[in-house]
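Coordinate inspection notes
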Amino acid sequence: MSEPVPAAARRTIPGSERPPVDTAAAARRAVPADTRVEATVVLRRRAELPDGPGLLTPAELAERHGADPADVELVTRTLTGLGVEVTAVDAASRRLRVAGPAGVLAEAFGTSLAQVSTPDPSGAQVTHRYRAGALSVPAELDGVVTAVLGLDDRPQARARFRVATAAAASAGYTPIELGRVYSFPEGSDGSGQTIAIIELGGGFAQSELDTYFAGLGISGPTVTAVGVDGGSNVAGRDPQGADGEVLLDIEVAGALAPGADVVVYFAPNTDAGFLDAVAQAAHATPTPAAISISWGGSEDTWTGQARTAFDAALADAAALGVTTTVAAGDDGSTDRATDGKSHVDFPASSPHALACGGTHLDANATTGAVTSEVVWNNGAGKGATGGGVSTVFAQPSWQASAGVPDGPGGKPGRGVPDVSAVADPQTGYRIRVDGQDLVIGGTSAVAPLWAALVARLVQAGRAKLGLLQPKLYAAPTAFRDITEGDNGAYRAGPGWDACTGLGVPVGTALASALS
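Residues numbered from 1 in each chain as written. Predicted model: local features only at pLDDT ≥ 70, side-chain atom pairs only at ≥ 80, totals over all residues. Heavy atoms only, no water.

1. What about the overall build of the chain?
Scanning the chain for helices and strands turns up 11 helices and 27 strands. Expected size for 515 residues packed as a compact globule is a radius of gyration near 24 Å; at 22 Å, the chain falls within 12% of this value. Counting only C-alpha atoms and orienting by the principal axes, one finds that the chain spans roughly 70 × 50 × 50 Å. Here the chain holds 515 residues, and the buried ones make up 57% of them. For the chain, long-range pairs separated by at least 24 residues make up 79% of all intrachain contacts whose partners lie at least 6 apart in sequence. (Helix = DSSP H or I, 4+ residues; strand = E, 2+ residues; numbered from the N terminus. Rg over C-alpha atoms; globule rule 2.2 N^0.38 Å. Buried < 20%, exposed > 50% of the residue type's maximum accessible area, 1.4 Å probe, protein only. Contact = heavy atoms within 4.5 Å.)

2. Concerning the nonpolar core
One finds Leu178, Tyr182, Phe204, Tyr429, Leu449 and Trp450 to be the most contacted residues of the largest nonpolar core, which totals 74 residues. When residues of this core are assigned to their parent elements, the largest contribution, 11 residues, is made by helix 9 (residues 443-461). Residue contacts for Phe204: discarding those within four places in its chain leaves Leu209, Val223, Ala225, Asn233, Ala235, Val246, Leu247, Ile250, Val264 and Phe266. If you look at the next biggest cluster of nonpolar residues, it comprises 45 residues, including Leu56, Phe274, Ala282 and Trp302. (Core = buried A, V, L, I, M, F, W, Y, C linked by side-chain atoms within 4.5 Å.)

3. Considering the sheet that holds strand 2 (residues 29-30)
The strand order across the open sheet formed by 3 strands is 2-6-7, and the pairing between neighbours is antiparallel. Two strands in the sheet have a free side with no partner beyond their single neighbour: strand 2 and strand 7 (125-130). Judged from the 2 bridges that link them, strand 2 and strand 6 (residues 114-119) form a sheet pairing that is antiparallel. If you follow Ala30 over to strand 6, its bridge partner there is Ala114. (Pairing = 2+ DSSP bridges.)

4. Some remarks on the pairing of strand 25 (residues 436-441)
In this sheet, strand 25 lies alongside strand 11 (residues 162-163) in antiparallel orientation, the contact comprising 2 bridges. Within strand 25, the position partnered with Arg162 by the bridge is Gly441. The sheet contact formed by strand 24 (residues 429-433) and strand 25 spans 5 bridges and is antiparallel. The residue of strand 25 that forms the bridge with Arg430 is Val439. Connecting strand 24 to the antiparallel partner strand 25 that follows it, the hairpin turn spans 2 residues, and Asp434 within it adopts a positive phi of roughly 50°.

5. A closer look at helix 5 (residues 206-215)
Among all positions of helix 5, only Glu208, Leu209, Tyr212 and Phe213 are buried. Seen along its axis, helix 5 keeps its buried residues to an arc of 125°; they face one direction. Opposite the buried face of helix 5, by more than 90 degrees, sit the exposed residues Ser207, Ala214 and Gly215. In this structure, the buried side of helix 5 is in contact with helix 4 (175-181), strand 13 (222-227), helix 6 (242-256), strand 24 and strand 25. Looking one or two residues past helix 5, Gly217 carries a phi angle of roughly 80°, positive in sign. (Arc of directions from axis to C-beta.)

6. Here we look at unusual backbone geometry
In this model, Thr285 is joined to Pro286 through a cis peptide bond whose omega is 0°. Inspection of the secondary structure assignment puts Pro286 in the loop between helix 7 (271-282) and strand 15 (290-293). With an omega of 0°, the peptide bond running from Val416 to Pro417 counts as cis. Among the secondary structure elements, Pro417 is positioned in the loop between strand 22 (415-416) and strand 23 (419-422). Phi angles above zero are rare outside glycine, and Asp229 is one such case at about 55°. Tracing the chain through its elements places Asp229 in the loop between strand 13 and helix 6. Backbone geometry at Arg336 places phi at a positive 70°, although glycine is not the residue there. Within the fold, Arg336 resides in the loop between strand 17 (323-327) and strand 18 (345-346).

7. Comments concerning the packing of aromatic side chains
In total, this model carries 10 aromatic pairs according to the counting rule given. A ring pair is formed by Trp450 and Phe479, whose centres lie 6.1 Å apart and whose planes are at 20°; its orientation type is stacked. Taken together, the positions of Trp450 in helix 9 and Phe479 in strand 26 (residues 479-480) put the pair 29 residues apart, joining distant regions of the chain. With respect to burial, Trp450 and Phe479 carry one shared label: buried. (Phe/Tyr/Trp six-rings, centres within 6.5 Å; stacked < 30°, edge-to-face > 60°.)

8. Some details on the side chain of Arg154
Position of Arg154 among the secondary structure elements: in the loop between strand 9 (145-149) and strand 10 (158-159). A polar contact is formed between the side chain of Arg154 and the side chain of Asp152, at a distance of 2.6 Å. Arg154 has contacts with Arg18, Val21, His128, Arg129, Tyr130, Arg131, Asn269 and Thr270, leaving out every residue within four places of it along the chain. (Polar contact = N/O pair within 3.5 Å; in protein donor to acceptor, adjacent residues only side chain to side chain.)

9. A look at the side chain of Asp330
One can find Asp330 in the loop between strand 17 and strand 18. Residue Asp330 is classed as buried on the basis of its relative accessible area of 3%. Side-chain polar atoms of Asp330 contact the side chain of Thr443, separated by 2.8 Å. Discounting residues that sit within four places of it in the chain, Asp330 has contacts with Arg160, Phe161, Arg162, Trp376, Gly383, Ala384, Gly386, Gly442, Thr443 and Ser444.

10. Here we look at the pattern of salt bridges
Inspection of every chain in the model, using the stated rule, returns 23 salt bridges. With a shortest N-O distance of 3.3 Å, Asp90 and Arg95 are connected by a salt bridge. We classify Asp90 as partly exposed; its relative accessible area is 28%. Of the charged contacts in the structure, one is a salt bridge between Asp418 and Arg414, with a shortest N-O distance of 2.8 Å. Connected via shared salt-bridge partners are Glu38, Asp90, Arg95, Arg97, Asp229 and Asp276. (Salt bridge = Lys/Arg side-chain N within 4 Å of Asp/Glu carboxyl O.)

11. Here's the deal with the sheet that holds strand 3 (residues 36-43)
Two modes of strand pairing occur in sheets, parallel and antiparallel, and in both the strands are linked by backbone hydrogen bonds. The 4 strands lie next to each other as 4-5-3-9, forming an open sheet whose pairing is antiparallel. The open sheet has two edge strands with one neighbour each: strand 4 (85-90) and strand 9. Strand-to-strand twist in this sheet, taken as the mean axis angle between neighbours without regard to direction, amounts to 25°. Strand direction decides the pairing type here: strand 4 and strand 5 (residues 95-101), joined by 5 bridges, are antiparallel. Within strand 5, the position partnered with Asp90 by the bridge is Arg95. Against the sheet, helix 2 (residues 69-81) touches strand 3, strand 4, strand 5 and strand 9, its axis set at about 150° to strand 3. Of the strands in this sheet, strand 3, strand 5 and strand 9 touch helix 7, which is tilted by about 145° from strand 5. (Axes fitted to C-alpha atoms, helices over the stretch in contact; angles between N-to-C directions.)

Following this line, the structure appears as structure tokens:
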């Protein structure tokens, strides 16, 4: 093993601090030094991305804004000299995958690793690697390495779906019926487009998808599973768990854009796995029209370095023409925090994500005529659309005149959500999961609905859309405004609000506005 780098010759990675976990103290034990650990190292850009809607080819993005080859060589040489294996390099997305014994990686990044048991985002106890404090790198890598993710492999996110109660199991709408409700433009089905879906657990069986789509009278899309960082498609375990998320996402996107190719990226539920899945999807060939994400966690449960790296990956996606649709959360304005304050969900709060909130819908499934649509809020602990104002992301220019209120602490910030659709499980989506026919809701369903709409809009317009918000905020008549209801701290009203954003789509009007 190489000689350790003296503390005086090390530099802290900004935003890498993790607070101690009090509940883990009694159960803490050291990770054996020879345990193999894998992590993701993120490097700086060669040059910052420009502001504006201009799109880049993958080659242009890599050449202008990927990692500098000299940085890749420096980091590889330095880490290898410390005994760390560099197992994969992706200069375009500025990521190095590294591995080695726990003791070697802990020494290389100036930390110690313990094994603890803590509650995951759903509240269940889970055993994982743990670190506290900041990470550091040798001084020659100061500013070159911007994040090191995955040393602490606690579950980072939770799925944003809810299963309807037994009393509502016969209610709900098929995705095709919701296409009528939201006036998805006719003459398009997503043909020629790819929808990427990010999953942090669960799986699907093709036979089940075939049964579901046949029941809707369609053939359904081509669906492919891709493993990331050891993640894989493992189906049939729990319809109330991650399988419910996976099937919900595929069936909603696939029913509304049956001509599209759907690629499902399965990754471990860690900050590294989540980032790597998004980066791999954004830089895939062909470039997807949309990435759908139905997982997230309160902004303050992420380290600063992880938020920054993830936002940069979403910025890459937007520059390549990809629109990333993200569930805004299912726990109202608190986002399940217990401090009595308002919080927003990440990655929905990234200004490079199209944040998707939720409604309660009463409509004629046959004609699509809407009787009423209001903010989804079933009461404390029973589910409500996420929404609010970010405390870490500045207010983007396209929200400057939207009427976003100041956030916690009286500071302006990025407002969440941007758009909405039905999410209340009591008026939710009729889905098939692990042999069971269920009605499922949550903003998890809204992200794939919007991803399918994007794919159809791209098909119709023959051009990728990328960061869609500047166009959406300039076209308020492309939405049906939701003006009734609240999500706790915020109340709906005319125009944008922190419950349902601009409102729900009028697909035909949106197609005209974007043309």
